[in-house]
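Each chain, written out:
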Amino acid sequence: MKNEDMNSEQAKAAGTWRKWTNFEKDALLSVLDDFVTRGLRCETRSFKSRTLLQMEKSSEVLCPNSNLKAYPHIESKLKKWKQNFSIVYDMINTSGFAWNDAKNFPIYDRLALSFGTDRANGRGAETPADMANEQSINDINPA
């Protein structure tokens, strides 16, 4: 059975994960940058439907014969990059954290454009009790 004929569960069981070349990763980053620049994301900063299939076609132009597929290749690479970006973003925004060399995560700036900093951080969050208290204050003192 060829790798391209396997689904992700079969590939995982067989231990046949795709090994991305640096050229393929750079090409996907370029496609990602282009799609973000063209506004092919929803307000939730997730990609619009069928965008991964368009990324597959764009990647094929940049990397002919790479056999990159939207599912599972591009989808899993974007998921992994987003996870790594979130971890590094949280570390960088932790008080007292610093690293000496930007080479630790060289694609951070490119991923920041794609995955951005619009992430829940808990600031400004209210509990239901806080909301009920604010509502009762507004009922007593209408604006």
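In the block above lies the structure referred to throughout.
So, how was this worked out
Residues numbered from 1 in each chain as written. Predicted model: local features only at pLDDT ≥ 70, side-chain atom pairs only at ≥ 80, totals over all residues. Heavy atoms only, no water. Helix = DSSP H or I, 4+ residues; strand = E, 2+ residues; numbered from the N terminus. Expected span 1.5 Å × (residues − 1). Buried < 20%, exposed > 50% of the residue type's maximum accessible area, 1.4 Å probe, protein only. Contact = heavy atoms within 4.5 Å. Arc of directions from axis to C-beta. Axes fitted to C-alpha atoms, helices over the stretch in contact; angles between N-to-C directions. Parallel < 35°, antiparallel > 145°, perpendicular 65-115°, else oblique. Nonpolar A, V, L, I, M, F, W, Y, C, P; charged D, E, K, R; others polar. 1 Å grid on protein atoms, 1.4 Å probe; cavity = no way out; pocket = protein on both sides within 12 Å on 5 of 7 lines; lining within 4 Å. Points joined across faces, edges and corners; volume = space filled by probe spheres on them. Core = buried A, V, L, I, M, F, W, Y, C linked by side-chain atoms within 4.5 Å. Salt bridge = Lys/Arg side-chain N within 4 Å of Asp/Glu carboxyl O.

Any chance you could break down helix H4 (residues 70–92) for me, citing the residues and the numbers?
Between its first and last C-alpha, H4 extends 31 Å over 23 residues, near the 33 Å set by a 1.5 Å rise per residue. Buried residues of H4: Ala70, His73, Ile74, Lys77, Leu78, Trp81, Phe85, Ser86, Val88 and Tyr89, and no others. The inward-facing, buried residues of H4 contact helix H2 (22–37), helix H3 (51–62) and helix H5 (108–115).

Give a description of H3 that names residues and reports values.
Taking 1.5 Å per residue as the helical rise, H3 with its twelve residues ought to reach 16 Å, and the 17 Å between its terminal C-alpha atoms agrees with that figure. Along H3, the residues that are buried comprise Thr51, Leu52, Met55, Glu56 and Ser59. Here the buried residues of H3 occupy an arc of 145° about the axis, which is enough to place them on one side. Exposed and oriented more than 90 degrees from the buried face of H3 are Lys57 and Val61.

Kindly report on the packing of H3 against H4, identifying the contributing residues and their values.
Packed helix pairs are characterised by how far apart their axes lie and by the angle those axes make with each other. Between H3 and H4, the shortest axis-to-axis distance is 10 Å and the interhelical angle comes to 100°. By the angle between their directions, the pair H3 and H4 is classed as roughly perpendicular. Contacts from Leu52, Leu53, Met55, Glu56 and Ser59 in H3 reach Ala70, Tyr71, Ile74, Glu75 and Leu78 in H4. Partitioned by chemical class, the residues of the contact of H3 with H4 number seven nonpolar, one polar and two charged.

Tell me about the layout of surface pockets, and name the residues and values.
The rolling of a water-molecule-sized probe over the atoms marks out the regions of remaining empty space. In this model, the second largest pocket occupies a volume close to 200 Å³. Lining the second largest pocket are 13 residues, and of these Ser46, Phe47, Leu52, Leu78 and Lys82 sit closest to its centre. At the level of elements, H3 and H4 are the ones that each hand at least two residues to the lining of the second largest pocket. When residues in the lining of the second largest pocket are grouped by element, the largest group, four residues, is from H4. Taken together, the residues of the lining of the second largest pocket break down into five nonpolar, three polar and five charged.

Account for the nonpolar core, with residues named and values stated.
In this structure, Leu32, Met55, Ile74, Leu78, Trp81 and Leu111 are the most contacted members of the largest nonpolar core, which totals 22 residues. Looking at this core, the elements with two or more residues in it are H2, H3, H4 and H5. With seven residues, H4 is the single largest residue contributor to this core.

Lay out the pattern of salt bridges with the relevant residues and their values.
All chains considered together, the criterion is met by four salt bridges. Notably, a salt bridge pairs Arg110 with Asp26, separated by 2.9 Å at the nearest N-O pair. One end of the pair, Arg110, is in helix H5; the other, Asp26, is in helix H2, and 84 residues separate them in sequence. Note that Arg110 is salt-bridged to Asp33, the shortest N-O span being 3.0 Å. Taken together, the residues span a long stretch of sequence, with Arg110 in helix H5 and Asp33 in helix H2 at a distance of 77 residues.

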